[in-house]
Structure formats: C-alpha cells, structure tokens
Amino acid sequence: MNIQTMVRAGVLGLALCMPGADAWAQATADGAVREKAVPILVTEVAPGLFFQYHHQESNNAWLVTDDGVLVVDSRQHPNRAEELLAAIRKTTDKPIKWVVNTHAHGDHYFGNSVFKREGATFIAHRDTQRMMQAHHGVEMKRRQGYFKQRQFDPGDVKLVLPDVTFDSRLTLTLGGREVELLYLGAGQNPGDTLVHFPKEKVLFSGGPFSKNSWPNPQFTPSIANWVALLRKVAAMDVDTFLGGHGDIGARQDVLNEAQMLSEFDAGMRAAVAKGMSREEIFKSAPFARYKDVRNYYRMNLFINSYYHLLTTGKPLVALPE
Ligand SMILES: [Zn+2]
C-alpha cells in the first residue's frame, strides 16, 4: 500500500462548519478528508493478532492461525480491501478463511468481494444481514463523495452478504485459536457485533466503540442502551479495546465514549424539551468541549439524526420491520 499517498490526501485538517443544514449538507457530502493526517498503522496487539488503524477511514483486525486467517471488516471499497489484503500478506501467506462484518456500514463491508474471491466465509449478526440487505442503496448513496474524491469506481462495490449469521453468541475455533462473536443488543446499530479474543484479552467493537471519535447516531434505536452496552464492554475481562475508528483503546477510552454519548443524549433531550428547532441547536454550538474529538465537524449531521429519533421515535435509518 502507498502510505505516502494517503497521508497527502489527508492534509486538509479539521474543518469546522457551523452553517445551516443546507450548507452543512454540501460541506459533508463532498467526501473530502477533514481529519488530521495520520499514516496507516499496523500493530501486532497479541501474538498473531493484528490491528490496522486508519485514522481518516476505518479500522480492521486479523488473526493469523496455523489453519488460516480471520479478518474483521473489509473497508470502504474493493481498492481499499486490496490494500488490506496486501497488509495481511506482509504478515502471513495463510488462506483467508473467515471475514466478520461487525455492522452494516459501507466503510466496514464494501470491500467484501475481494475476500470472497480469496475464498472466505462471511459471518455477521442476523440484524447486520438485514441492515445490509435493506440499506445497501442508502450506504452507497452517502458514500459517493468518498468514491469521487478518491477516484474509486462505485460500480466496483458488490454486495456480498453473510454466509453464516448468529443471534447472541458464536464461538469460532481456527487453528487452535478461539474467537467469540457476541451480541449485547444494538449500540450504534442493530446487529453490532463484538469480536472477542478471550485468551488474548482483546475486543474489537466496530460500531459501538471508536476511541476519541464522534460516532454517527443515525442508526441507533436508543442511545441509553448504547451507553449501557459500552459500560458492559468496559466491565469485560479485556485489556485492549479496538474500535471501528480511532486508535487502540484502553478501558477508560470506552468509559469516556459512554460519558460523551450520555452528555449528548441529555443535552439533546433538554434542547428538544425546550422546543428548540434543529437550526437553533446547530447555532448554539453544543458539545463544544468535545470539539477536538475526531469527526466533530459532522456535529450538525449527528444533531439532525438524533433530533429525528427523539421527535419521531425512529432512527433515520432503521432496522426493517
Ligand atoms: Zn465506520
């Protein structure tokens, strides 16, 4: 992979926009990178267990065993999945046996076709499968700016659905290594899968947790449940917490996200109870103490989404009935 190219693509820095909804929509739909430039980093967090941190996009993990490789998430385009495969190939020549899609956001499953070609079997929670089926068009639409800015062909993205689904827990054994897939209910998304490596005391939580990063709340049915889920995650016998975005985390980072989300929940509830409109909330520049957190430039989108949930009882992008 060409890390220098990616660094150069990410030099725009954090652009804060406080315009009305229309201007904001233009400002966030262009796919421009507004995050600080951080090179892609691969870390072996436990023997044979690797974490790839890509600050400007999304993260991955892979476990190398004697019998093959398990990959967590597949990136936002087949081009990026090819780069991920090249990074994996620097660590092993074993076949890719399993891919877990932690949730149904395009930046975590649009690269699936590359690993399908490699012969992988795909696993996800059954609600992730339903979200992928129902909202693939929505996911494609909201990522057109990303494709355009990077000159990636959207036509290369093929929907590859899970071969295997689970409801609450699935234990996989590969080459003597154990991986537990856990579902503790919806956090950021229906279907949010926690990938637990019990012996290594490592957890990859693609949707609910991202270190020092504002999550997009347009899919969650309940921020209170999401906060409770994060507190359960923080109570697990785990030392290393890996998120779908952001760098390698510790227990306190999970608790920090729970705190940030509960303040967002309380602040938004208070604003809606006062009868404030979306525009009035945008203008009040809320949650500014978190302005240095990754993704803050999208705050108006987050306010818009949560306003929708609080006033209609339904997420903007919901699990199909
Ligand atoms: Zn993501």
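The preceding data block contains the structure.
Everything numeric here is computed off the predicted structure, so don't read it as measured data.

Enquirer: When you look at the overall build of the protein in this model, what are you seeing that I'm missing?
Expert: Within the protein, the secondary structure is distributed over 11 helices and 12 strands. Within the protein, buried positions represent 45% of all 321 residues. Within the protein, residue pairs in contact and separated by at least 24 positions form 69% of the contacts whose partners lie at least 6 positions apart.

Enquirer: Would you mind showing me how to read the environment of G137 here?
Expert: Here G137 is to be found in helix α6 (residues 126-141). For the pair G137 and L159, spaced 22 residues apart in sequence, the C-alpha separation works out to 10.0 Å.

Enquirer: Whenever I open this one, the packing of helix α9 (residues 251-273) against helix α11 (residues 299-312) confuses me. Can you help?
Expert: Two quantities define a packed helix pair, namely the angle between the axes and the distance from one axis to the other. Across the interface, α9 lies against α11 with an axial gap of 10 Å and an inter-helix angle of 60°. Viewed along their axes, α9 and α11 adopt a mutual orientation that is oblique. As α9 runs across α11, the sense of the crossing is right-handed. Of the residues in α11, those in contact with M268, R269 and V272 of α9 are Y306, Y307, L310 and T311.

Enquirer: I'm lost on the nonpolar core in this one. Help?
Expert: Grouped together as the largest cluster of nonpolar side chains are 60 residues, with contacts concentrated most on W62, V71, V100, L203 and L230. Ignoring sequence-local partners within four residues, the contact set of V71 consists of N60, W62, I88, I96, V99 and F115. In this structure, A104, F110, M132 and V157 belong to the second largest nonpolar core, which totals 6 residues.

Enquirer: How should I be thinking about unusual backbone geometry in this particular structure?
Expert: Note: most residues except glycine have negative phi, and most peptide bonds are trans. You will see that N212, though not glycine, has its phi angle at about 50°, which is positive. As for its position among the elements, N212 is in the loop between β11 (202-205) and α8 (223-234). The exposure class assigned to N212 is partly exposed, which follows from the 18 C-beta atoms found within 10 Å. Even without a glycine there, the phi angle at F287 is positive, about 60°. Residue placement: F287 occurs in the loop between α10 (278-283) and α11.

Enquirer: What is the right way to read the pairing of strand β4 (residues 68-72) from this model?
Expert: Put simply, side chains in a regular strand alternate between the two faces of the sheet. Burial within β4 is extensive, with 4 of its 5 residues counted as buried. Sheet analysis places strand β3 (residues 60-65) next to β4, joined by 5 bridges and oriented antiparallel. Across the sheet, residue T65 finds its bridge partner in β4, namely G68. Hairpin connection between β3 and β4: a loop of 2 residues separates the two successive antiparallel strands. The pairing of β4 with strand β5 (residues 96-100) spans 4 bridges and is classified as parallel. Each bridged residue has a counterpart across the sheet, and for V71 the counterpart in β5 is V99. With helix α3 (residues 78-89) bridging β4 and the parallel β5, this β-α-β connection has right-handed handedness.

Calculation rules
Residues numbered from 1 in each chain as written. Predicted model: local features only at pLDDT ≥ 70, side-chain atom pairs only at ≥ 80, totals over all residues. Helix = DSSP H or I, 4+ residues; strand = E, 2+ residues; numbered from the N terminus. Buried ≥ 20, exposed ≤ 12 C-beta atoms within 10 Å, placed from the backbone. Contact = placed C-beta atoms within 7 Å. Axes fitted to C-alpha atoms, helices over the stretch in contact; angles between N-to-C directions. Parallel < 35°, antiparallel > 145°, perpendicular 65-115°, else oblique. Left-handed = near helix turned anticlockwise from the far one by under 90°. Core = buried A, V, L, I, M, F, W, Y, C linked by C-beta atoms within 7 Å. Pairing = 2+ DSSP bridges. Right-handed = clockwise from strand over helix to strand, strands pointing away.

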